[in-house]
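Here's the letter readout for the chains.
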Amino acid sequence: MKVLKFGGTSVANAENISKVIAILQQESKKEKIAVVVSALGGITDALIKTGELATLKDESYIEVFENIRERHLETIRLLIPKGKAKTVVKTVEAKLEELKNLLHGIYLINEFSNKTRDKVLSFGELLSSYIISEALKLKIEKSSLKDSRELILTDSIHTNANVKGKETTSNISNFFKKNKDKIVVLPGFVSRNKAGETTTLGRGGSDYTAALIASSLKASVLEIWTDVSGMFTANPKLVKQAFPIEEISYQEAMELSHFGAKVLYPPTVQPALQQNIPIYIKNTFQPKDKGTLISKKVASKNGPVRGISHIENIALLTLEGNGMVGVPGFSKRLFSTLSRAEINVVLITQASSEHSICVGVFSQDSKLAKHILDNEFAYEISLKKIKPLLVEDELAVIAVVGDNMKNHQGISGRMFRSLGQNNVNVRAIAQGASERNISAVIAHKDIKKALVSLHNRFFEKQIKTLNLFLVGVGNVGSILLDQIKQQQEYLNENLLLNIKVVGVSNSKKMIFDEEGIDLMHWQELIKKGQPRTHQTFLERVKELNLSNSIFIDVTANEEVAKTYASYLKESISVIACNKIACSSTYKSYNELKDLTKRYGASFLFETNVGAGLPIIYTLNNLINSGDKITSIQAVLSGSLNFIFNNFNENNAFAEVVKQAQDEGYTEPDPRIDLSGVDVARKILILAREAGYKLDLKDIKNEAFLPKASIQAKSVSEFHKTLKANASHFESIYSDAKAKDRQLKYVAEFNKGKASVGLKAVDKNHPFYNLEGKDNIVLFYTERYAEQPLIIKGAGAGAEVTASGLFADIITLGRN
């Protein structure tokens, strides 16, 4: 014999019930079936609401009742032909009238006790089971209805009654021995005590009803039909990569159910466990899906971890004090006090020092727990032997579950490393000796991030998802987005990187999409975006709270640079094209470096110095491998190199500068480039990365511009001064040419001192033949003492700068 249970969503309306009947028609061809059904979806909540409104003397309870009435009558109209529905409607109307009278009594006496609540809630299952059984009889003649209250006997603890096992088993066995029908429909959830009063098995108790019947009959299988295709590796609403678990043990199922896997009610598993009855979790709406098999022994196909689950709305209670050490009885008093108040303890942990005990309870119970425990330990608190109870709210418990975890080393290490890398702070940890469950208390806001990161760690092909938040979509930013769009598939397949651009902002508006912005249409989308400020963008990134978040600054804005610390403190990595942060005061630079260590985030800024050239990367490798930088010589401005390579007797200096600006080689304000400040910032960054404490004021800047150009108050005025001082620049060029030398703007660092300035280099110098917009860096080190390590290539241009940013993104992804 087989037992099937259908939940509220499966019987929510006539359409769904028709699907249930089709399943039953198919299943009944094979063997006899007992069918347990829940109330129509949402009806139990409506019954609670109408009872609570009635006890408050709120006459709107009648409106809620009428909605309940209409739901059931509408289901009959759509499910049962008009000619045969008359009797069914009459019976249902009679039951509804009984409910209405009961609610009226609640309204009159302002009383909605647990006993009365059980009576009211029982109508949900009693009505649905009757309607379904009548509809089923139209398809299968040998089908009948049996009131579960006549079979399941309990004590008198209303709303969560305890089953009397022997009597219940006897009742069920005797009934089914005599019954000859192919299908018997039974209401779930409801039961009775010895006095014949209606009791209930607790919310979700329809699963328990089915398990009791399966256990009593030693059924071949118990099938629980719901709206998902089994128990999932994690909540699929929060973790999109979650998938159904094909097989799972009884113990694992109980653990996952306790920790929030809502397709199963925890006590359900116990009666089946005692009889070794396999349980299937199936999908009413996808009946051909395999579902999940719960049994005694299962094969491990996906590693030692079977699933990840969580419980929301947890408060952590901490009892601590020096007076607890070595004194017996504190734990007993704590748990006895909570037990008397019927406060359920979700999690327990205690330090071996005996200095403190932590317990997790549901948030709704935290105020009462605080009150009663402070009263219980009032004497010890008054003597300052212990502190008043500490209550921390807005927490959750996350649990990693698997029978085979005890046979695998490093599971907890991988779990907590993954949480730590994603800035998920762990407040408490609990693990039993069986090692079937490792639980951690975390902030409620971190639930999704924790689940996603742990699921990725234990279940997925190690594809790492990077969530990018990009500010600045001018020339470089736009090209970067195009490069990401072009390479997404390649990176996914070859480097196991899933790159999602989640947030994009220009100077006025911002757009976000947690699933990834459509990079084909981001320009149209941002026109319709929300107004942005630096703070609102930061707050939205924090609110999304995604794992592996990366903030990318593709601006030259000082205010954006000032936000880096805020991102790093949230363990959000920063990639900067913007040089301002790294060339600001040494104190600010060093603080950002310290934050990366403290919060486990990265701060990469390769493009600060040489666009796409791996200059900082190479320098860091030299330092990290134990080498020491002795001096640096470099041409670090692709724009200045372009200008001086094109400036000659045929091309006026002012014209070449304008050309460089128009072609995007200089900043929008070319004064930044020609003043040497930009190059000074770059050599400053390299010196700092080499381990030297310098500030911008320490860099000697040998200006080549005439005084009028330096003092120009606008870009247009600056260009005019270049034309007016043409002879000045022609003189510089003529002097160099006469000596057969090339003009190069050179940055130098030697013995802790740095300078930048225009140099005329001879034919033997590596800089002499440097062409176009190329950069070149010569690193002299203790290992490269005579022949320097040379890096050379394009040092300016939007394409190579974007590719440098992209390289930093990939570097973070592979770390």
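Just so you know, these numbers come straight off a predicted model, no measurement behind them.

How should I be thinking about the overall build of the protein chain in this particular structure?
Helix and strand counts for the protein chain stand at 30 helices and 29 strands. Taken against the 2.2 N^0.38 rule, which gives 28 Å for 815 residues, the C-alpha radius of gyration of the protein chain at 36 Å runs more than 25% over that of a compact globule. Expressed as lengths along the three principal axes of its C-alpha atoms, the size of the protein chain is roughly 115 × 70 × 55 Å. The 815 residues of the protein chain split such that 52% are buried.

Explain the sheet that holds strand 16 (residues 437-443) to me, please; I cannot follow it from the model alone.
Within a sheet, neighbouring strands are paired by backbone hydrogen bonds and run either parallel or antiparallel to one another. One open sheet accounts for six strands, arranged 12-13-11-14-16-15; its pairing is antiparallel. The sheet is open, and its two borders are formed by strand 12 (345-350) and strand 15 (426-431), each paired with just one other strand. Adjacent strand axes in the sheet meet at a mean angle of 30°, parallel and antiparallel pairs treated alike. Pairing of strand 15 with strand 16 involves five bridges; the strand directions are antiparallel. By the bridge assignment for strand 16, Ile429 is matched with Ala440.

How should I be thinking about the pairing of strand 18 (residues 497-505) in this particular structure?
Here is the key point about a regular strand: its side chains alternate between the two faces of the sheet. With eight of nine residues buried, strand 18 is to be regarded as a mostly interior element. Of the pairings in the sheet, the one linking strand 17 (residues 464-471) to strand 18 comprises eight bridges and is parallel in character. Following the sheet pairing, Thr465 is matched in strand 18 by Asn498. Handedness of the crossover joining strand 17 and strand 18 through helix 15 (residues 475-494) is recorded here as right-handed. Inspection of the sheet shows strand 18 paired to strand 19 (residues 509-512) by three bridges, in the antiparallel sense. Bridge assignment links Gly503 to a residue of strand 19, and that residue is Phe512. In sequence, strand 18 turns back onto strand 19 through a hairpin of three residues.

Sorry, what's going on with the sheet that holds strand 20 (residues 530-531) here?
Spatially, the seven strands line up as an open sheet ordered 20-19-18-17-21-22-23, and their pairing is mixed. This sheet does not close on itself; its edge strands, each paired only once, are strand 20 and strand 23 (603-604). Bridge analysis of strand 21 (residues 549-553) against strand 22 (residues 573-576) gives four bridges, and the strand direction is parallel. Within strand 22, the residue paired with Ile552 across the bridge is Ile575. The strands touched by helix 17 (residues 534-544) within the sheet are strand 17, strand 18, strand 19, strand 20 and strand 21, with strand 19 carrying the most contacts at an inclination of about 10°.

Any chance you could explain the pattern of salt bridges here in plain terms?
Working definition: two side chains of opposite charge can pair if their charged atoms are close together. As enumerated under the stated definition, the model contains 38 salt bridges in all. Among the salt bridges present, the one from Glu197 reaches Lys115, with a minimum N-O distance of 2.7 Å. Remark: Lys115 occurs in helix 5 (residues 114-137) and Glu197 occurs in the loop between strand 5 (190-192) and strand 6 (198-200); sequence separation between them is 82 residues. Note on Glu197: relative accessible area 25%, which makes it partly exposed. Using a relative accessible area of 35% as the deciding quantity, one classes Lys115 as partly exposed.

What's the story with the state of the cysteines in this structure? I'm lost.
What makes a disulfide is a covalent bond joining the sulfur atoms belonging to two cysteines. One pass over the full model with this rule turns up zero disulfides. Cys577 forms no disulfide, and the closest cysteine sulfur to it belongs to Cys582, at a distance of 11 Å. Among the residues examined, Cys582 registers a relative accessible area of 0% and is labelled buried.

I would appreciate a short explanation of the pairing of strand 17 in the present structure.
The buried fraction of strand 17 amounts to seven of the eight residues, a majority that puts the element mostly inside the structure. By the bridge criterion, five bridges tie strand 17 to strand 21 in an arrangement that is parallel. The partner of Val471 across the bridge, within strand 21, is Asp553.

When you look at helix 24 (residues 653-662) in this model, what are you seeing that I'm missing?
Three- or four-residue spacings in an α-helix give side chains the same orientation, since the helix completes a turn every 3.6 residues. Phe653, Ala654, Val656, Val657 and Ala660 are the residues of helix 24 that are buried. Projection of helix 24 onto a plane perpendicular to its axis shows the buried side chains occupying an angular sector of 165°, all on one side. Facing away from the buried side of helix 24, by more than 90 degrees, are the exposed residues Glu655 and Asp662. Those residues of helix 24 that are buried are in contact with helix 23 (638-646), helix 25 (671-674), helix 28 (715-724) and helix 29 (726-738). Positive backbone phi, approximately 85°, marks Gly664, located one or two places after helix 24.

When you look at the side chain of Thr563 in this model, what are you seeing that I'm missing?
One can find Thr563 in the loop between helix 18 (558-561) and helix 19 (564-569). Take Thr563: its relative accessible area is 13%, and that puts it in the buried class. There is a polar contact of 2.6 Å between the side chain of Thr563 and the backbone oxygen of Val560. Setting aside anything within four residues of it in sequence, one finds Thr563 in contact with His534 and Phe551.

Looking at this structure, how should I read the packing of helix 2 (residues 43-55) against helix 5?
Two packed helices can be described by the angle between their axes and the distance between those axes. Orientation of helix 2 relative to helix 5, taken along the N-to-C sense of each, is 150°, at an axis distance of 9 Å. Classed by the angle they form, the pair helix 2 and helix 5 counts as roughly antiparallel. You can see that helix 2 and helix 5 cross each other, and the crossing is right-handed. Counting all contacts with helix 2, which are made through Ile43, Thr44, Leu47, Ile48 and Glu52, the residues of helix 5 involved are Arg117, Val120, Leu121, Phe123, Gly124 and Glu125. Counted by class, the contact of helix 2 with helix 5 contains six nonpolar, two polar and three charged residues.

I tried to follow helix 13 (residues 411-421) on my own but got confused; where do I start?
Ile411, Met415, Ser418 and Leu419 are the residues of helix 13 that are buried. One side of helix 13 holds all its buried residues, which, seen down the axis, span an arc of 95°. Buried residues along helix 13 sit in contact with strand 14 (390-401), strand 15, strand 16 and helix 14 (447-458). After helix 13 finishes, the residue Asn423 shows a positive phi value of roughly 60°.

Sorry if this is basic, but what is going on with empty space enclosed by the protein here?
Summary: where empty space remains is shown by rolling a probe the size of a single water molecule over the atoms. Applying the stated criterion to the full structure yields one cavity of 30 Å³ or more. Taken as a whole, the largest cavity holds about 30 Å³ of empty space. Lining the largest cavity, in full, are Val471, Arg532, His534, Phe537, Phe551, Val560, Thr563 and Tyr567. Of the residues that constitute the lining of the largest cavity, the class distribution is five nonpolar, two polar and one charged.

In this structure, what is going on with the packing of aromatic side chains? I would like to understand it.
To describe a pair of aromatic rings, one takes the distance between the centres and the angle between the planes. The tally for this structure, following the rule as stated, stands at 22 aromatic pairs. Geometrically, the ring pair formed by Phe6 and Trp225 is stacked, given 5.7 Å between the ring centres and 25° between the ring planes. You can see Phe6 sitting in strand 1 (residues 2-6) and its partner Trp225 sitting in strand 7 (residues 221-226), a full 219 residues away along the chain. Residues Phe6 and Trp225 agree in their burial class; the two are buried.

Would you explain the confidence of the model for the protein chain in this entry?
Atom-level detail of predicted coordinates should not be read off regions where pLDDT is low. Scored by pLDDT, the protein chain comes out at a mean of 92, with 98% of its residues at no less than 70. The lowest-confidence element of the protein chain is helix 9 (residues 269-275), averaging 81 in pLDDT; the highest-confidence one is strand 4 (residues 183-187), averaging 98.

How should I be thinking about the side chain of Ser637 in this particular structure?
Tracing the backbone through its elements, the reader meets Ser637 in the loop between strand 24 (629-635) and helix 23. With a relative accessible area of 3%, Ser637 lands in the buried category. Polar contacts involving the side chain of Ser637 include one to the main-chain amide nitrogen of Leu640, which spans 3.0 Å. Those residues within four positions of Ser637 in sequence are excluded, and the remaining contacts are Asp673, Val679, Lys682 and Asn775.

Could you clarify how one ought to interpret the nonpolar core in this entry?
The biggest cluster of nonpolar side chains holds 81 residues, and the ones touching the most others in it are Tyr564, Phe653, Ile683 and Phe779. With seven residues, helix 26 (residues 677-689) is the single largest residue contributor to this core. Listed in part, the 53 residues of the second largest apolar core include Ile43, Ala46, Ile106 and Phe112.

Where do I start with the packing of helix 23 against helix 24 in this structure?
At a minimum axis separation of 9 Å, helix 23 and helix 24 run at an interaxial angle of 140°. Taken as axis vectors, helix 23 and helix 24 run oblique relative to one another. The two elements helix 23 and helix 24 meet at a crossing, and its hand is right-handed. Contact residues: Phe642, Ile643, Phe644 and Asn646 in helix 23; Phe653, Val656, Val657, Gln659 and Ala660 in helix 24.

What counts, and at which threshold
Residues numbered from 1 in each chain as written. Predicted model: local features only at pLDDT ≥ 70, side-chain atom pairs only at ≥ 80, totals over all residues. Heavy atoms only, no water. Helix = DSSP H or I, 4+ residues; strand = E, 2+ residues; numbered from the N terminus. Rg over C-alpha atoms; globule rule 2.2 N^0.38 Å. Buried < 20%, exposed > 50% of the residue type's maximum accessible area, 1.4 Å probe, protein only. Pairing = 2+ DSSP bridges. Axes fitted to C-alpha atoms, helices over the stretch in contact; angles between N-to-C directions. Right-handed = clockwise from strand over helix to strand, strands pointing away. Contact = heavy atoms within 4.5 Å. Salt bridge = Lys/Arg side-chain N within 4 Å of Asp/Glu carboxyl O. Disulfide = S-S within 2.5 Å. Arc of directions from axis to C-beta. Polar contact = N/O pair within 3.5 Å; in protein donor to acceptor, adjacent residues only side chain to side chain. Parallel < 35°, antiparallel > 145°, perpendicular 65-115°, else oblique. Left-handed = near helix turned anticlockwise from the far one by under 90°. Nonpolar A, V, L, I, M, F, W, Y, C, P; charged D, E, K, R; others polar. 1 Å grid on protein atoms, 1.4 Å probe; cavity = no way out; pocket = protein on both sides within 12 Å on 5 of 7 lines; lining within 4 Å. Points joined across faces, edges and corners; volume = space filled by probe spheres on them. Phe/Tyr/Trp six-rings, centres within 6.5 Å; stacked < 30°, edge-to-face > 60°. pLDDT = per-residue confidence, 0-100. Core = buried A, V, L, I, M, F, W, Y, C linked by side-chain atoms within 4.5 Å.

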